[in-house]
Amino acid sequence: MIETHYADKIGHAFDEDPVKKKRLLSALLAYNRDDWGACLKKLHALTQQATTKEEKQVTKFFTAVCLQDMGLTPAALQVYNEILEENPSYAPALSNLSVIYFELEDYPKAITYAEQALDYNRNNPSAYHNLASACFFTYDLEKAKNYVEKALALRPDFPEATSLLAMIDTIAGDEEAAQSSLRRAVALGQDEEDIQGAIERMREKYAQYAAAE
């Protein structure tokens, strides 16, 4: 059910107005269908109709998520920053900013935003995964493994975190653990060839880093 899936992001927004709550869920259904235009149109209307800080925060957050998935990174950044100006402790926005800066290969910023997300919510598996990924790409295997294991402790069926653990264990030379994580990642829907390709690329990067050191 769409409401259950996004419950941690929706909170209590529009609980007092069932009609608007239904419109929000309709927007999220459109988002899940990759119907970006319909999703943004509905969210824009709801943002104008929102009467509480939480309602505006929720509609803006999903607007930013939609823009982010469309590849409109500058627009998504602008909306996330608007949210944080109003509520600097909104962990979902902080966590998603970490993802954006990771994709931009600005790993220090990715780490900063993931750490801030965890400052406000220690039960956020995505923030731990973001931190693990950034540490892995900055050649800190120990921290990367520590953070990814925390992500998986909170969410054992986290496919991306399981894939990352397989990569970390491979680079660390623990082939038995790596194979176990790889099998679990594939069982969770990850593509084995993609993981193996990423492992080979990271092996080369780690070798170059070790040589430079």
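Described in the following lines is the structure provided in the data block. For clarity, every value in this text was computed on a predicted model and none was experimentally measured. (Residues numbered from 1 in each chain as written. Predicted model: local features only at pLDDT ≥ 70, side-chain atom pairs only at ≥ 80, totals over all residues. Heavy atoms only, no water.)

**Let's talk about the packing of helix α5 (residues 53-69) against helix α6 (residues 73-86)**
Pairs of packed helices are described in terms of their axes, by the angle between the two and the distance that separates them. Axis separation between α5 and α6 bottoms out at 8 Å; the angle between their running directions is 160 degrees. One element, α5, and the other, α6, form an angle in the roughly antiparallel class. Classified by chirality, the crossing of α6 by α5 is left-handed. The residues of α6 that touch α5, namely those facing Lys53, Gln57, Lys60, Phe61, Ala64, Val65, Leu67 and Gln68, are Ala75, Ala76, Val79, Tyr80, Glu82, Ile83 and Glu86. Split into classes, the residues belonging to the contact of α5 with α6 amount to nine nonpolar, two polar and four charged. (Axes fitted to C-alpha atoms, helices over the stretch in contact; angles between N-to-C directions. Helix = DSSP H or I, 4+ residues; strand = E, 2+ residues; numbered from the N terminus. Parallel < 35°, antiparallel > 145°, perpendicular 65-115°, else oblique. Left-handed = near helix turned anticlockwise from the far one by under 90°. Contact = heavy atoms within 4.5 Å. Nonpolar A, V, L, I, M, F, W, Y, C, P; charged D, E, K, R; others polar.)

**Notes on the packing of α6 against helix α7 (residues 91-103)**
Where α6 contacts α7, the axes come no closer than 10 Å and their chain directions differ by 150 degrees. It follows from the interaxial angle that α6 and α7 lie roughly antiparallel. Judged by the twist between their axes, the crossing of α6 over α7 is left-handed. Contacts from Thr73, Ala76, Leu77, Tyr80, Asn81, Ile83 and Leu84 of α6 reach α7 at Ala93, Leu94, Asn96, Leu97, Ile100 and Tyr101. For the contact of α6 with α7, the residue count by class is ten nonpolar, three polar and no charged.

**Considerations on the nonpolar core**
Ranked by size, the top nonpolar core spans 67 residues in total, and within it Ile10, Phe62, Tyr80 and Phe136 carry the most contacts. With residues up to four places along the chain from it excluded, the contact list for Phe136 reads Leu141, Ala144, Leu164, Met167, Ile168, Ile171, Met202 and Tyr206. (Core = buried A, V, L, I, M, F, W, Y, C linked by side-chain atoms within 4.5 Å. Buried < 20%, exposed > 50% of the residue type's maximum accessible area, 1.4 Å probe, protein only.)

**Concerning unusual backbone geometry**
Within the chain, Asp34 stands out as a residue other than glycine whose phi angle is a positive 65 degrees. Here Asp34 shows up in the loop between α3 (18-32) and α4 (36-49). You can call Asp34 partly exposed: its relative accessible area is 48%. Unlike most non-glycine residues, Tyr139 shows phi in positive territory, near 65 degrees. A residue is classified by how much of its surface remains accessible, and Tyr139, at 27% relative accessible area, is partly exposed.

**Examining the packing of aromatic side chains**
Applying the stated criterion across every chain yields a total of 14 aromatic pairs. Between the aromatic rings of Phe61 and Tyr90, the centroid separation amounts to 5.7 Å while the plane-to-plane angle is 85 degrees, which identifies the pairing as edge-to-face. Linking Phe61 in helix α5 with Tyr90 in the loop between α6 and α7, this pair joins segments that are 29 residues apart in sequence. Here Phe61 falls in the buried class, since its relative accessible area comes to 2%. Seen from their ring centres, Tyr139 and Tyr209 are 4.1 Å apart, and the 5 degrees between their planes marks the pair as stacked. Of this pair, Tyr139 sits in the loop between α9 (125-137) and α10 (141-154) while Tyr209 is found in helix α13 (residues 192-212), placing the two residues 70 residues apart along the sequence. Three or more aromatic residues joined by ring pairs make a cluster, and in this case those are Phe102, Tyr107, Phe136, Phe137, Tyr139, Tyr206 and Tyr209. Of note, Arg155 hangs over the ring of Phe158, and the distance from its end group to the ring centre comes to 4.4 Å. (Phe/Tyr/Trp six-rings, centres within 6.5 Å; stacked < 30°, edge-to-face > 60°. Lys NZ or Arg CZ within 6 Å of the ring centre and 35° of its normal.)

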